[in-house]
Amino acid sequence: MSVDTKTVARIAHLARLKVPEDRLDPLAGELNQLLAWVEQLGEVNTDNVPPLTSVVHARLPRRDDVVTDGDRQADVLANAPDAQNGFFAVPKVIE
Amino acid sequence: MSKLISGATGEWEVVIGLEVHAQVTSNSKLFSGAATEFGAEPNTQVSLVDAAMPGMLPVINAYCVEQAVRTGLALDAQINLYSIFDRKNYFYADLPQGYQISQYKQPVVGEGIITLDLKDGETKEVGIERLHLEQDAGKSMHDQHPTMTYVDLNRSGVALMEIVSKPDMRSSEEAGAYLKKLRTILRYIGTCDGNMEQGSMRADVNVSVRKPGGPLGTRCEIKNVNSVRFVQQAIEYEARRQIDVIEDGGKIVQETRLYDVAQGVTRSMRSKEEAHDYRYFPDPDLLPLELDPAWVDEIKAGLPELPDEKKNRLMRDFGLSVYDAGVMVSEPEIGVYFEEVAKGRDPKQASNWVTGSLFAALNAKGVSITESPVTAANLGKLIDLIADNTISGRIAKDVFEIMVETGGDPAAIVEEKGLKQITDTGFIEGIVDRIIAENPGQVAQYDGGANPKVIGWFVGQVMKQSQGKANPAQVNELLKKKLG
Amino acid sequence: MSELTDLTIAGALSGLDKGEFTSRELTQAYIAEVENGRALNAFTTETPDKALEMADAADAARRSGDAGPLNGIPLAIKDLFCTKGVLTTASSHILDGFKPPYESSVTANLWRDGAVMLGKVSLDEFAMGSSNETSFYGPVQNPWRTTDGKARVPGGSSGGSAAAVAARLAMGATGTDTGGSIRQPASFCGLAGIKPTYGRCSRWGIIAFASSLDQAGPITRNVEDAAIMLRSMAGYDPKDSTSINTPVPDYRKALTGDIRGLKIGIPQEYRMDGTPPDVLALWDRGIQWMKDAGAQIVDISLPHTKYALATYYIVAPAEASSNLARYDGVRYGLREQGGNLIEMYENTRGAGFGEEVQRRILIGTYVLSAGYYDAYYLKAQKVRTLIAQDFEQAFGRVDAILTPTAPCSAFSPGEKSDDPISMYLNDVFTVPASLAGIPGMSVPAGICGAGLPLGLQILGRPFEEETVLKVGHVIEQAAAFGARPRIWWKEAA
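A short tour of the structure in this document, coming up. Residue positions within a chain follow its written sequence, with the count starting from 1. Chains carry letters and ligands carry numbers; both start at the beginning, A for chains and 1 for ligands, and go up in the order they are written. Only residues with pLDDT of at least 70 are given local features in this predicted model, and only at 80 or more are side-chain atom pairs given and counted; all residues enter the totals for whole chains, interfaces and linings. Excluding hydrogens and water, the side-chain figures rest on all heavy atoms present in the structure.

**Quick look at the overall build of chain A**
Tallying secondary structure elements over chain A gives three helices and three strands in all. Note on conventions: DSSP H or I runs of at least 4 residues are helices, E runs of at least 2 residues are strands, and numbering of each starts at the N terminus. In chain A, the succession of α and β elements from N to C terminus is α-α-β-α-β-β. The reference for a compact globule is 2.2 Å times residues^0.38; the radius of gyration itself is calculated from the C-alpha atoms. A globule of 95 residues ought to have a C-alpha radius of gyration of about 12 Å, yet chain A, at 23 Å, is considerably larger. Taken along the three principal axes of its C-alpha coordinates, chain A extends 55 × 45 × 25 Å. For chain A, the accessible area works out to roughly 5,100 Å², and carbon and sulfur atoms hold 48% of it. For chain A, the distance from the average position of its 10 positive side-chain charges to the average position of its 15 negative side-chain charges is 5 Å. The protein chains shown are the only cover counted for residues, whose accessible areas, like all others here, come from Shrake-Rupley with a 1.4 Å probe. When charges are counted, neither His nor the chain ends are considered; positive counts come from Lys and Arg and negative counts from Asp and Glu. By convention, the charge on Lys lies at NZ, on Arg at CZ, on Asp at CG and on Glu at CD.

**Points about the overall build of chain C**
Helix and strand counts for chain C stand at 17 helices and 11 strands. Against the compact-globule benchmark of 23 Å for 493 residues, chain C has a radius of gyration of 21 Å, which places it among compact chains. Dimensions of chain C along its principal axes, counting C-alpha atoms only, are 65 × 55 × 50 Å. Scored against the burial criterion, the 493 residues of chain C give a buried share of 69%. Within chain C, residue pairs in contact and separated by at least 24 positions form 77% of the contacts whose partners lie at least 6 positions apart. In the form shown here, chain C has an accessible surface area of approximately 14,300 Å², with 48% of it arising from carbon and sulfur atoms. With a 1.4 Å probe rolled over the protein chains alone, any residue whose accessible area is under 20% of its type maximum counts as buried; one over 50% counts as exposed, and the rest are partly exposed. In this description, contact between two residues means that some pair of their heavy atoms is separated by no more than 4.5 Å.

**Structural notes on the sheet that holds strand E5 (residues 86-89) of chain B**
Pairing between the strands of a sheet is mediated by backbone hydrogen bonds and can be parallel or antiparallel. Residues and elements named next belong to chain B. A sheet is described by the order of its strands in space; here three strands give the open sequence E6-E5-E16, paired in antiparallel fashion. Each end of this open sheet is capped by a strand with a single partner; those strands are strand E6 (99-102) and strand E16 (281-282). We treat two strands as partners when DSSP finds at least two bridges between them. With two bridges joining them, E5 and E16 adopt antiparallel strand pairing. In the sheet register, arginine 87 faces E16, and the bridge partner there is phenylalanine 281.

**What to know about the nonpolar core**
To define a nonpolar core, start from buried Ala, Val, Leu, Ile, Met, Phe, Trp, Tyr and Cys residues and group those joined through side-chain atoms within 4.5 Å. In terms of nonpolar packing, the biggest core is built from 287 residues, with Ile163 and Tyr178 of chain B together with Ile73, Phe126, Phe391, Leu402 and Ile475 of chain C touching the most fellow members. The greatest single-element share of this core, amounting to 10 residues, is contributed by helix H10 (residues 308-323) of chain C. When sequence neighbours within four positions are dropped, the list of residues in contact with isoleucine 475 of chain C reads Trp289, Met290, Leu402, Val443, Ala445, Leu456 and Ile458 of chain C. If you look at the next biggest cluster of nonpolar residues, it comprises 38 residues, including Leu314, Phe338, Ile369 and Met403 of chain B.

**Regarding the pairing of strand E6 (residues 215-220) of chain C**
Residue and element names in this part refer to chain C. Counting buried residues in E6 gives six out of six residues, a clear majority hidden from the surface. In this structure, strand E5 (residues 192-195) lies alongside E6, joined through two bridges in antiparallel fashion. Along E6, the bridge assignment pairs alanine 192 with threonine 220.

**Description of the interface of chain C and chain A**
Listed by partner, the interface residues are 64 residues for chain C and 50 residues for chain A. Computed with a 1.4 Å rolling probe, the buried area is the accessible surface lost when two parts are put together, summed over both parts. A combined buried area of about 5,000 Å² lies between chain C and chain A, and 71% of that area is made up of carbon and sulfur atoms. Here, a salt bridge means any side-chain nitrogen of Lys or Arg that lies within 4 Å of a carboxyl oxygen of Asp or Glu. Across the chain C-chain A interface, the total number found is two salt bridges. Under the rule applied, a polar contact is a pair of N or O atoms within 3.5 Å (in protein, one hydrogen donor and one hydrogen acceptor; residues adjacent in sequence only if both atoms are side-chain atoms). Applying the counting criterion to the chain C and chain A interface returns 14 residue pairs in polar contact (both at pLDDT 80 or more).

**Side note on the state of the cysteines**
Pairs of cysteine sulfur atoms within 2.5 Å are what we label disulfides. Applying the stated criterion to the full structure yields zero disulfides over all chains. Cysteine 64 of chain B forms no disulfide, and the closest cysteine sulfur to it belongs to cysteine 192 of chain B, at a distance of 12 Å. Given the relative accessible area of 0%, cysteine 64 of chain B is considered buried. In this structure cysteine 408 of chain C is a free cysteine whose sulfur lies 9.1 Å from that of cysteine 448 of chain C, the closest cysteine sulfur available. Among the residues examined, cysteine 408 of chain C registers a relative accessible area of 16% and is labelled buried.

**Details of the interface of chain A and chain B**
Chain A puts 39 residues into the contact, and the matching count from chain B is 51 residues. Ranking the residues of chain A by area buried against chain B places Leu60, Arg63 and Asp65 of chain A at the top, with a combined share of 20%. Here chain A and chain B share one salt bridge between them. A salt bridge links aspartate 277 of chain B to arginine 10 of chain A, with the shortest nitrogen-to-oxygen separation between them at 4.0 Å. For the pair chain A and chain B, the interface holds 24 residue pairs in polar contact (both at pLDDT 80 or more). The set of elements that each furnish at least two residues to the side of chain A that touches chain B consists of helix H1 (5-14), strand E1 (62-63), helix H3 (73-77) and strand E3 (87-91) of chain A. Grouping the amino acids of the side of chain A that touches chain B by side-chain chemistry returns 16 nonpolar, nine polar and 14 charged. Gly falls in the polar group here, along with every residue not listed as nonpolar (Ala, Val, Leu, Ile, Met, Phe, Trp, Tyr, Cys, Pro) or charged (Asp, Glu, Lys, Arg).

**A short note on the environment of methionine 272 of chain C**
Turning to its location among the elements, methionine 272 of chain C is positioned in the loop between strand E7 (263-267) and helix H9 (277-292). When the C-alpha atoms of methionine 272 of chain C and isoleucine 475 of chain C are compared, they prove to be 22 Å apart, with 203 residues separating the residues in sequence.

**Details of unusual backbone geometry**
A negative phi angle is the norm for most residues apart from glycine, just as the trans form is the norm for most peptide bonds. That bond from glycine 156 of chain C to serine 157 of chain C is cis: its omega, 10 degrees, falls within 30 degrees of zero. Tracing the sequence through the fold places serine 157 of chain C in the loop between strand E3 (116-121) and helix H6 (159-166). Positive phi values are uncommon outside glycine, yet asparagine 85 of chain A reaches one of about 50 degrees. Mapped onto the elements, asparagine 85 of chain A comes out in the loop between strand E2 (83-84) and E3. One non-glycine residue, serine 91 of chain C, lies in positive phi territory at about 55 degrees. Note on placement: serine 91 of chain C falls in the loop between strand E2 (74-78) and helix H5 (105-112). What makes serine 91 of chain C buried here is its relative accessible area of 0%.

**Section: the pattern of salt bridges**
For the structure on display, the rule yields 62 salt bridges over all chains. Among the ionic pairs, arginine 87 of chain B bridges to aspartate 285 of chain B, the shortest N-O distance being 3.0 Å. Taken together, the residues span a long stretch of sequence, with arginine 87 of chain B in strand E5 and aspartate 285 of chain B in the loop between E16 and strand E17 (289-290) at a distance of 198 residues. Each of the two residues, arginine 87 of chain B as well as aspartate 285 of chain B, counts as buried. Here the salt bridges share partners, and the residues they tie into one network are Glu30 of chain A together with Glu355, Glu356, Arg359 and Arg360 of chain C.

**Thoughts on the side chain of serine 28 of chain B**
For serine 28 of chain B, the location among the structural elements is in the loop between strand E2 (10-23) and strand E3 (60-61). Take serine 28 of chain B: its relative accessible area is 0%, and that puts it in the buried class. In this structure serine 28 of chain B touches Arg63, Asp64, Asp65, Val66 and Val67 of chain A together with Gly33, Ala34, Thr36, Asn61 and Cys64 of chain B, once residues within four positions along its chain are discounted.

**Brief notes about the packing of helix H1 (residues 62-74) of chain B against helix H5 (residues 293-301) of chain B**
Residue and element names in this part refer to chain B. Relative to each other, H1 and H5 sit at 65 degrees, their axes nearing to 10 Å. As for how H1 packs across H5, the hand of that crossing is right-handed. Listed contacts from H5 to Val65, Glu66, Val69, Arg70 and Leu73 of H1 are Trp295, Val296, Ile299 and Lys300. Tallied by class, residues from the contact of H1 with H5 come to six nonpolar, no polar and three charged. In this analysis an axis means a line fitted to C-alpha atoms, helices contributing only their contacting stretch, and an angle means the value between N-to-C directions, from 0 to 180 degrees. Put simply, a crossing is left-handed when the front helix is turned counterclockwise from the back one by less than a right angle, and right-handed when it is turned clockwise.

This is the structure we're talking about:
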């Protein structure tokens, strides 16, 4: 499995990272090197081995259905780069 | 009833599957303690978890799990005692985490079944593929500012059940019946209010067409349709569009489409489509959801009577027709109302009053049955007044009108307005005698029963003279006797 | 006041109890050291005013008899813990100006017990690194230099924590460990550092790197201090679904010095080719110390050890790629404008994340993407099961495992920056325990030929931190590690 610059561009877009054109090639090289390195896992026989879901052996804790939070608009918006009229504001999304 | 659509090259069959997003009825969100109420000020029902502040973690709401299990049980579905929450990764302004916590490969509920009530008492079974729990996104508003989109996270994190049907439906009517039946069930068990206008229930519609008996065609998904009527219109448009494309030598591309309500057409959403790759993986902030079978049994035991059971019981115990029984169970409140009216009374009468005069009055007033000015108790009393001959059926209609306006007690209205039926034979006889005496022509026409229809004219006269209060049976009997 | 900053936490608590000095005096001494130590670049944010305020409150509490177990002790906080109203950066440009309106559970526990915050200390950006060179705020210097005066990295990702404690700019520091980020810098800086069992410390309010691996723990000058700090940091938190509800013992009581009859496992797979002789020699010395103390040495096998790193470098980036999706310029931190929403995202994240973070996001996105999930992510999680089983089986035979902490002493700045894999290889001994979620501790045990500290690692069964601390304490006693870095940073200031 080899990653080309087109794949890097696609992955970068999926991850919403702006990658300058001239970085695509070196990044493809790095990713290929990493992927070649992790390829060694192919040696391990994992037939009938379940994937690990958590190292915690416990029952998923549950909350009661009560309202314990909210009414903190100021906290929620305090760090926003752009907040207007109680909303977060982002560049217009055209649908 | 033919479900096939004819095209230039012959008949086509439409294949429909629905994915319904139903908001779980709960006080707080799926993974945070913020409220779920509709219509609050922007960003006031948002916890730091819902806003995806760094380091915030989800903790599941036990009641939302219970609601999902309850729904699964009501759909006669497999309850998975082990399920997994996954992250569905994508970027959008109203998805603060950059992922939605959902269930992908191992949902909490597996295969089930739903019985549709179609025209003329016909039924059809549609398979449920799965039901899973997931978070709702926030809301983007594009019309508040010329160059900015505003984001409100009040809905962010509200629990949704995604209920996926098998592609078992073959017409827009069936899709409509499916949505109505699903909504009825959810409302019976109280797991979703089914309010499509407020967005508590939305549907993604998968549509494809094929030649009858042929292999399945390529499907298109129409996203986020928010009323039964629009779902049906969208299916009809989309099926026709696909047939036209194929018959013109084209191919259907699998894609996401949008139903444009104003134009009545579906439209490609290719822009949103680009490079969707959700990169699902189990959410490491949560552990697998394991359910105790005894707990599931407890929920099952606590299920209320479901619409299908109730319908069967109403048909069996009250002798209602399939149609009437279907109407009575369509909303839980109607069933409750009807049963209170029918209890200890003639069920046919009760059913007629509810589906006839009551529905007409509610319709005219634009109110639901829970807001009915005529309570079930009062409607029951009205029927009792007819049964014990206190008033006639005709007078009862007038009394009912007054009840609709005033919400009053029928006995009091009858008393106050002096509408009691007259059963005093002497009094009725007086009127009968007078009318016979004053109308020799009609007496002759009657001709001692040779022309029996004329008796109706006499009855009408007597009722008119008695202001409708004379007992019609007595009037009939007296007239027959006197006219010989 | 220099003698105040020489005290351990245990020593300072006793001095405070006896009224020999106040927390204000102790804190003032540390504030002065923090100022003198700026050449180390350990702190991202200094909070002297807050520190004095907290010290005064601690002194008042002590006077009224309400002193908590860490009352008046000045600490540094890794800048990955959210601290209410105090800039929290994860050493990343993308969190510019972020002041959380909340306090992480672990730091809240420390303040509950009376600790004092000196400030926030640097780390590799989003805890991704083993040298503290990826911080947006510049590399952190290791207080230790080679005998011939060459600069060294402090390790990472908790490099600021380790540098601050080693240079006596703080009595102790919080760290987080995802693949060795507490243990490796502790080893590089001659300190004690423990990563407790996954689920022992709450992750709530700690900026997530890889959620299934991240665990908080202390970095201190000795094992006893680590025991004191861990007791305050640990505890069940209903806000973290992976937190475990089990009582927190007084870890100090475990430091009995008595390990007679304890079975100590020595995994053959950790004897890797190319490991420097210094490291292997120290390990052998550690084994001898164990024997001398009456423990029984058992050779064990952890057969999947060699696959741990590759597993880790699939699982951790995959989780990170998702955890870091929330940094999008909408609700906090940096925003770089763009013509539309997608451009704004790409510009913000392109400018806000450094090279290593971007590399890991890309690899993580790739291994989760359609068509590759099974081959990479799912495969790695299966191998992870085998790695966890290796430990389970081993712990059926032994009570603790002894290994080196890192395959080398602190390396030179820039030495591994151009080769990500050689940097990753530094975690080879620490990553397996992270994947299995078991507790692990590094204890300073010796000095390498270049004059730099080396640590030994003790691993234990889940929730048996007491055994780990007890064994670590014995090594510490046997090693009698008394070396200290030469103080060069004050001259630099």
